[in-house]
Amino acid sequence: ETSGLELKNNKSNKDFQKSEQQVNGSSTKILSTKRGVCKQAPPPLIQFCRSRYLCVTDITQQLWCEQQLQYRMMGVEPGLTDMQEIEAGDVPLSVKDKEEVKKGKSLHYARELETHDVVDVKISSNTDKWALNILNLLVAMRGFFSGIAKAREVPIFGDLGTGDMLFGIIDELHFDEKTYSLHLLELKTRKSTRLPGVAQAKQNALQVQIYKRLWDNLVKGNMSADFFLKKLCLEDSADLPLSDEIIKHMDQLPMSTVSLRNLFSLLLSTAQSLVCIGSMSIEYVHQDTHDLIGHVEVKEEEDWMWQTVLHSLEFWHGQRECEGVEVEEAWKCGMCEYGNICEWRRKKISSHIQK
Ligand code: SF4
């Protein structure tokens with residue numbers, strides 16, 4: 001069974017981030033002092049062109065090491081010497097991981113093609129980009145009503161309740177018509193044939209719990225069109241007709257006026273006829289053989305998820321300094337590409353070792 005089409009945009013996020021950077025360039029805080037005017041670094045949310053939304057993986061990478069994520073976002077050259085071998089899949093995206101990431105992506109893509117065809121769509125604006133995300137989410141939701149049990153690569157976005165916009169892609173959703181229940185499955189590919197250690201398992205568990213919360217909030221109607229449009233700076237174009245390139249893929253939808261606001265309203269009304277995610281699991285697959293390594297059920301840990309997300313957001317909003325790993329997790333530094341140049345490691349970890 002297929003859930004129809006997945007519409008892929010023809011631009012990378014970077015294309016849009018460039019224009020966002022131009023917008024955000026003006027938001028650097030200017031401080032007046034007695035000696036004149038000095039510039040203060042903007043909070044990471046603005047500095048790294050993410051003022052409109054954060055990816056769920058930004059938050060999960062922080063859980064591994066926020067300092068490492070910051071170095072990568074700043075484009076700091078890694079100090080590659082003296083590194084221990086990295087076990088792919090145990091460290092978030094790095095130079096050394098690229099080959100493994102490619103293999104993981106190709107397995108995801110192969111699985112995606114099992115459920116639907118992928119069509120390239122030419123988009124030329126941020127409005128189109130978000131219309132496409134809504135369309136793909138709608139295709140998945142509407143598929144469940146027409147007897148299609150499985151949807152893959154489902155965009156999800158919204159607010160966890162903090163006023164920040166988050167975006168992610170759910171690997172798989174399984175809808176059981178008989179029990180009217182929904183299961184979320186995240187696919188992780190690994191170079192190793194073993195299940196991940198505690199640190200990476202925590203990252204993955206956080207990821208699926210955030211996805212669940214975003215989905216559930218949509219189903220419960222906990223997101224307004226005003227929030228969505230304002231957060232993404234799309235208010236001016238919200239009521240204008242979408243581009244012909246988008247409209248030609250909307251022929252199945254019951255809509256008279258084809259604008260982003262209408263599309264979002266349709267998404268909300270469709271979501272509210274669905275159910276919250278009832279269960280979550282992560283499937284670990286070997287990246288070369290595609291053999292199943294293991295299947296792990298994830299339980300909701302609401303307090304932990306909240307504390308982790310709130311702590312992460314403090315960094316993005318510039319409410320605290322960037323943090324590296326704690327002494328108990330100093331083993332991560334031994335496999336980190338910034339191990340040789342990391343100031344956090346030098347100050348915090350080394351001083352502890354000398355004690
Ligand atoms: Fe984080 Fe350690 Fe790498 Fe520094 S060396 S970025 S503290 S993992």
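Residues numbered from 1 in each chain as written. Predicted model: local features only at pLDDT ≥ 70, side-chain atom pairs only at ≥ 80, totals over all residues. Heavy atoms only, no water.

Helix and strand counts for the chain come out as 12 helices and 10 strands. Across the 355 residues of the chain, 50% fall into the buried class. Total accessible area computed for the chain in this model is approximately 17,600 Å², and 50% of it derives from carbon and sulfur atoms. (Helix = DSSP H or I, 4+ residues; strand = E, 2+ residues; numbered from the N terminus. Buried < 20%, exposed > 50% of the residue type's maximum accessible area, 1.4 Å probe, protein only. Areas by Shrake-Rupley, 256 points an atom, 1.4 Å probe, with all protein chains shown as cover.)

With that out of the way, let us pick up the packing of helix H3 (residues 56-74) against helix H6 (residues 198-219). At a closest axis distance of 9 Å, the pairing of H3 and H6 adopts a crossing angle of 155°. Considering the angle they form, H3 stands roughly antiparallel to H6. As H3 packs across H6, the resulting crossing turns out to be right-handed. Between H3 and H6, the residues in contact are Val 56, Thr 57, Ile 59, Thr 60, Gln 61, Leu 63 and Trp 64 and Ala 199, Gln 200, Lys 202, Gln 203, Leu 206, Gln 207, Ile 210, Tyr 211 and Leu 214, respectively. Of the residues that constitute the contact of H3 with H6, the class distribution is 9 nonpolar, 6 polar and 1 charged. (Axes fitted to C-alpha atoms, helices over the stretch in contact; angles between N-to-C directions. Parallel < 35°, antiparallel > 145°, perpendicular 65-115°, else oblique. Left-handed = near helix turned anticlockwise from the far one by under 90°. Contact = heavy atoms within 4.5 Å. Nonpolar A, V, L, I, M, F, W, Y, C, P; charged D, E, K, R; others polar.)

Attention now moves to helix H10 (residues 302-316). At 3.6 residues per turn, the α-helix brings residues three or four places apart onto the same side. Between its terminal C-alpha atoms H10 stretches 21 Å, which fits the 21 Å expected from 15 residues at 1.5 Å a residue. Among all positions of H10, only Met 305, Thr 308, Val 309, Ser 312, Leu 313, Phe 315 and Trp 316 are buried. Seen from one end, H10 has its buried residues packed into an arc of 145°, which puts them on one side. Exposed residues on H10 whose side chains face more than 90 degrees from its buried face are Asp 303 and Gln 307. Packed against the buried residues of H10 are helix H2 (44-47), strand S4 (54-55), H3 and H6. (Expected span 1.5 Å × (residues − 1). Arc of directions from axis to C-beta.)

What follows is about the pattern of salt bridges. Considering all chains together, one arrives at 14 salt bridges under this definition. In this structure, Glu 186 and Lys 188 form a salt bridge, with 3.2 Å as the shortest nitrogen-oxygen distance. What makes Lys 188 buried here is its relative accessible area of 16%. With a shortest N-O distance of 3.8 Å, Arg 261 and Asp 226 are connected by a salt bridge. (Salt bridge = Lys/Arg side-chain N within 4 Å of Asp/Glu carboxyl O.)

On to the packing of aromatic side chains. Counted under the stated rule, the structure contains 12 aromatic pairs. Measuring from centroid to centroid gives 5.1 Å for Phe 175 and Tyr 180, while their planes differ by 80°, and the two rings are edge-to-face. Pairwise contacts between aromatic rings join Tyr 53, Trp 130, Phe 157, Phe 167, Phe 228 and Phe 264 into one cluster. Between the NZ or CZ atom of Lys 332 and the centre of the ring of Trp 64, over which it lies, the distance is 4.5 Å. (Phe/Tyr/Trp six-rings, centres within 6.5 Å; stacked < 30°, edge-to-face > 60°. Lys NZ or Arg CZ within 6 Å of the ring centre and 35° of its normal.)

We now examine the site of the ligand. Contacts to the ligand come from Cys 65, Gln 67, Gln 68, Gly 324, Val 325, Cys 333, Cys 336, Gly 339, Cys 342 and Trp 344. Here the element with the most residues in the shell around the ligand is H3; it accounts for 3 residues. Residue classes in the shell around the ligand are distributed as 6 nonpolar, 4 polar and no charged. (Near = heavy atom within 4 Å.)

Chain-level statistics for the chain give a pLDDT mean of 83 and a share of 80% at 70 or above. Ignoring residues within four places in sequence, the model shows residues 13-38, a span with pLDDT below 50, making 31 contacts including any to other chains. Note that pLDDT drops below 50 for residues 81-93; the model gives that stretch 42 contacts with residues more than four away or on any other chain. Under the prediction, the complex receives an ipTM of 1.00, its pTM being 0.83. (pLDDT = per-residue confidence, 0-100.)

Moving on: the pairing of strand S8 (residues 181-190). Summarising burial for S8: 9 of the 10 residues are buried, a large majority. Relative to S8, strand S7 (residues 165-176) is paired through 5 bridges, and the arrangement is antiparallel. Pairing of Phe 175 across the sheet is with Leu 182, part of S8. Linking two consecutive strands that pair antiparallel, namely S7 and S8, is a turn of 4 residues; a positive phi of about 50° is found at Tyr 180 within it. Of the strand pairs in this sheet, S8 and strand S9 (residues 277-286) are connected by 9 bridges, and their pairing is parallel. (Pairing = 2+ DSSP bridges.)

On to the packing of helix H5 (residues 126-145) against helix H9 (residues 260-271), then. Orientation of H5 relative to H9, taken along the N-to-C sense of each, is 25°, at an axis distance of 10 Å. As summarised for this structure, H5 and H9 are arranged roughly parallel, according to the angle between their axes. By crossing handedness, the relation of H5 to H9 is classed as left-handed. Residues Thr 127, Trp 130, Ala 131, Ile 134, Leu 135, Leu 137, Leu 138, Met 141, Arg 142 and Phe 145 of H5 lie in contact with H9, whose contacting residues are Leu 260, Leu 263, Phe 264, Leu 266, Leu 267, Thr 270 and Ala 271. When its residues are assigned to classes, the contact of H5 with H9 shows 14 nonpolar, 2 polar and 1 charged.

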